[in-house]
Amino acid sequence: MFSLYGIGLGGGIAIGRARMLAPQMRDVVRYRIAPARVDAEAVRLDAALGDVRQELEAVSEHLPEAAPPEARALIDVHLMILEDPMLVDGTRAMIFEDHWNADWALATQAHALAAQFEAFEDQYLRERSRDVRQVTDRVLKALAGSGGKEAGQVGEAMVFVAEDIAPADMLTLRNPLGFAIDLGGTTSHTAILARSMNVPAVVGLHCAHELVRDDDCIIIDGERGLLIVDPDEMVLAEYRHRQAAGELERQKLRRLIHVPARTLDGTEVELHANIELPEEAEPARQAGATGVGLYRTEFLFMNRRDLPTEDEQFEAYRDAVVAMDGLPVTIRSLDIGADKALSSIDPVVMPNPALGLRAIRFCLSRPDMFLAQLRAILRASAFGRVRLLLPMLTHGHEVEQTFRLVDRARAELRATGHDFDEAMPVGGMIEVPAAALSAAMLLRRLDFVSIGTNDLIQYTLAIDRADHAVSDLYDPFHPAILRLISGTIRAANKAGKPVSVCGEMAGDPYATRMLLGMGLVQFSMHPASLLRVKREVLLADAGKLRTRVARLLANDDPARVQALVARLARED
Ligand code: PEP
Ligand code: MG
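Residues numbered from 1 in each chain as written. Chains lettered and ligands numbered in written order. Predicted model: local features only at pLDDT ≥ 70, side-chain atom pairs only at ≥ 80, totals over all residues. Heavy atoms only, no water.

Focus: the overall build of the protein chain
- The helix and strand tally for the protein chain stands at 23 helices and 16 strands.
- Relative to a compact globule of 572 residues, whose C-alpha radius of gyration would be 25 Å, the protein chain shows 25 Å and is just as compact.
- For the protein chain, the spread of C-alpha atoms along the principal axes amounts to about 80 × 70 × 40 Å.
- The burial tally for the protein chain puts 55% of its 572 residues in the buried class.
- Considering only contacts in the protein chain between residues 6 or more positions apart, those separated by 24 or more positions represent 68%.
- Of the charged side chains in the protein chain, 64 are positive and 82 negative; the average position of the first set lies 6 Å away from that of the second. (Helix = DSSP H or I, 4+ residues; strand = E, 2+ residues; numbered from the N terminus. Rg over C-alpha atoms; globule rule 2.2 N^0.38 Å. Buried < 20%, exposed > 50% of the residue type's maximum accessible area, 1.4 Å probe, protein only. Contact = heavy atoms within 4.5 Å. Lys, Arg positive; Asp, Glu negative; His and termini not counted. Charge placed at Lys NZ, Arg CZ, Asp CG, Glu CD.)

So this is what it looks like as structure tokens:
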């Protein structure tokens, strides 16, 4: 028995036989083509590219019903890479001009393209180098005549172990029990897909593909980021017990879907969903969400070379609004920069992207682009209860400038005869300490606020949320953070305006009682967390929690506060 540690992507526990997926093709043959055979070599390349395109299109067209909504977009990224001029034209040039064989030419160009991505400071862009490698690997296999289909032929329910696995391959595996993957961080497309498939998965294991063999008995603990190979009887029994307990808990939780989220002392609580694609709205409603508290619109803008048109945006927003069937939908205007970059916008080298021209600052610097989004959101408001949410506010003048643009968007829509909700509420994210400390000022201008704890923690503690080197210092329960959150909630309650938390903290059941005690009654989270948080709400007495949380907030010693939060979370 031995164990490997990686990064857990959640999904619970998987116990099963290992199935190794073929390693990436690394040894690429290299030879010169006789001048007379150069045309035929280019035809060989085109045929391989065509085969892979067809393969990917087929996967995209026949996605399994259970495939997560992002799946098609992720495959589109791979289709786009297949047409990348540097990759395709560069490979052709190496065949025609230097007479290299197609395999070598492609591998060389792919290497250069991947290196360009790797040079980005931004983690999301860096991870795109893996997409380039995954696509190239498929084309190389097609060139070698083996096709890229071996993963698709696997049908038995097993735990898949691989150095890397492309999203398209992941989708062709029937009944995967879990994934153990050597490469990767949490923002790779493979990780995003694994998380949405809701199966136990661990990435970043480094050497699993070298140490595990087909048919080994393995355990994947997606919560702890652990892979156990050949477990002994005791460990196996323990994990079987945990797995059964997890399944029982999920069954019990499902009974809460239609139960209203009300505390023991009668406080009504709204549990909303965070979504990234319109297709996620319907499943969120079915999971019991009473609204969308955060629709991150970035996905519509990412992984493409052009900007989405106003109509395209309108259709996406309207689809989410219609799917929510009269429940509120909070659409956040484009929040790009730092960890979320756009390929359609020339990367501007910023000394410090997290502190640079991002989110609302970026939108205000591109009024035409911003206006198109505002018009699209306003048009969607004719179909239900839409609220506009502005990311990363710091100054009052950012709200005022946005209002001027919203007024202009309204006037333009009136002129073109489009319907919209004249009273669409406009709110702002509290993600910067300055905004939390000035919440009352912002609330005089805004209709509601939503606390983005992910960025609030990053900016308050000066911890890059994507940097593993300082991840141990990323402390959501630092007294400074708790004071900023409770101060914002207090300011909103005093102003009589709605306040929610939509960062990860809202979906952490460990924090639910504390947030209730701060007076929070609106939470927005990944739908997968909704029922666990609801169970905490149902068991809580908000009145009693208020007194206890007030005492906790008076303490400024981080270790003592941690202990108090833990005690608060554990008590029934
Ligand atoms: C946040 O910062 O908490 C938030 C919800 O926004 P995002 O995670 O999209 O930056
Ligand atoms: Mg944020």
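Structure shown, so let's carry the discussion forward.
Thoughts on the coordination of the magnesium ion (ligand 2)
- With distances of 2.0 to 2.1 Å, the protein atoms coordinating the magnesium ion (ligand 2) are E431 (OE) and D455 (OD). With E431 in the loop between β13 (426-430) and α16 (433-437) and D455 in helix α18 (residues 453-461), this residue pair connects regions lying 24 residues apart in the sequence. (Donors = N, O, S within 2.8 Å, 3.2 Å for Na, K, Ca; no water.)

Structural notes on the domain arrangement of the protein chain
- Partitioning the protein chain into domains gives domain 1 (2-22 + 151-253), domain 2 (35-144) and domain 3 (265-570).
- Each of domain 1 and domain 2 has a C-alpha centre, and the two are 27 Å apart.
- Counting residues at the interface gives 21 residues for domain 1 and 20 residues for domain 2.
- Of the roughly 1,700 Å² buried between domain 1 and domain 2 on both sides combined, carbon and sulfur atoms contribute 60%.
- Applying the counting criterion to the domain 1 and domain 2 interface returns two salt bridges.
- When the shortest N-O distance is used, the salt bridge between D164 and R130 registers 2.4 Å.
- Sorting the residues of the side of domain 1 that touches domain 2 by element identifies α6 (167-172) and α7 (189-197) as the ones contributing at least two each. (Domains from an automatic or database assignment. Buried area = accessible area lost by both parts, 1.4 Å probe. Salt bridge = Lys/Arg side-chain N within 4 Å of Asp/Glu carboxyl O.)

Quick word on the site of ligand 1
- Among the 14 residues in the neighbourhood of ligand 1, the closest are listed as R296, R332, G452, N454 and R465.
- The contact in question runs from an oxygen atom of ligand 1 to an N or O atom on the backbone of T453, over 3.1 Å.
- Surface burial for ligand 1 is 99%, taken as the share of its 290 Å² of free accessible area covered by protein chains.
- One can see that ligand 1 is located within the second largest cavity.
- Those elements that place two or more of their residues in the shell around ligand 1 are β10 (292-296) and α18.
- Residues that form the shell around ligand 1 fall into these classes: three nonpolar, four polar and seven charged. (Near = heavy atom within 4 Å. Polar contact = N/O pair within 3.5 Å; in protein donor to acceptor, adjacent residues only side chain to side chain. Areas by Shrake-Rupley, 256 points an atom, 1.4 Å probe, with all protein chains shown as cover. 1 Å grid on protein atoms, 1.4 Å probe; cavity = no way out; pocket = protein on both sides within 12 Å on 5 of 7 lines; lining within 4 Å. Sits in = over half its atoms within 2 Å of the grid points. Nonpolar A, V, L, I, M, F, W, Y, C, P; charged D, E, K, R; others polar.)

Let's talk about the nonpolar core
- Counting residues in each nonpolar core, the largest one holds 97 residues, and the members touching the most others are Y317, L482, I485, M514, L515, M518 and F523.
- Top element by residues in this core is helix α14 (residues 367-380). It accounts for eight residues.
- Once residues lying within four places of it in the same chain are set aside, the contact partners of F523 are V269, E270, L271, H272, V501, A506, T512, L515, L516 and V533.
- With 56 residues, the next largest nonpolar core counts V38, L106, V203 and L277 among its residues. (Core = buried A, V, L, I, M, F, W, Y, C linked by side-chain atoms within 4.5 Å.)

Some words on the sheet that holds strand β6 (residues 201-203)
- The eight strands lie next to each other as β1-β8-β7-β3-β4-β5-β6-β2, forming an open sheet whose pairing is mixed. Single-partner strands in this sheet number two, and they are β1 (2-5) and β2 (7-8).
- Two elements, β2 and β6, share two bridges in a ladder whose sense is antiparallel. Note on β6: the bridge partner recorded for G8 is V202.
- Sheet contacts for helix α9 (residues 233-254): β3 (13-20), β7 (217-221) and β8 (226-229); angle to β3, the most-contacted strand, approximately 120 degrees. (Pairing = 2+ DSSP bridges. Axes fitted to C-alpha atoms, helices over the stretch in contact; angles between N-to-C directions.)

Topic: empty space enclosed by the protein
- Applying the stated rule across the entire model yields three cavities of 30 Å³ or more.
- A volume near 70 Å³ is recorded for the second largest cavity.
- The wall of the second largest cavity is formed by 14 residues, among which R296, R332, M429, E431 and N454 lie closest to the centre.
- Taken together, the elements giving at least two residues each to the lining of the second largest cavity come down to β10 and α18.
- Top element by residues in the lining of the second largest cavity is α18. It accounts for three residues.
- Its residues assigned to classes, the lining of the second largest cavity comprises three nonpolar, four polar and seven charged. (Points joined across faces, edges and corners; volume = space filled by probe spheres on them.)

Focus on unusual backbone geometry
- The phi torsion at H99 lies on the positive side, around 65 degrees, for a residue other than glycine.
- Tracing the backbone shows H99 in the loop between α3 (85-96) and α4 (102-118).
- In this structure, A462 is a non-glycine residue whose phi angle is positive, near 55 degrees.
- Relative to the assigned elements, A462 resides in the loop between α18 and α19 (479-495).
- When its relative accessible area of 68% is taken as the criterion, A462 is described as exposed.

Some details on the side chain of R379
- Tracing the backbone shows R379 in helix α14.
- A distance of 2.8 Å separates the side chain of R379 from the side chain of E310, its partner in a polar contact.
- There is a polar contact of 3.0 Å between the side chain of R379 and the side chain of D311.
- With sequence-adjacent residues up to four places away left out, R379 is seen in contact with E310, D311, F314, L413, H418, D419 and F420.

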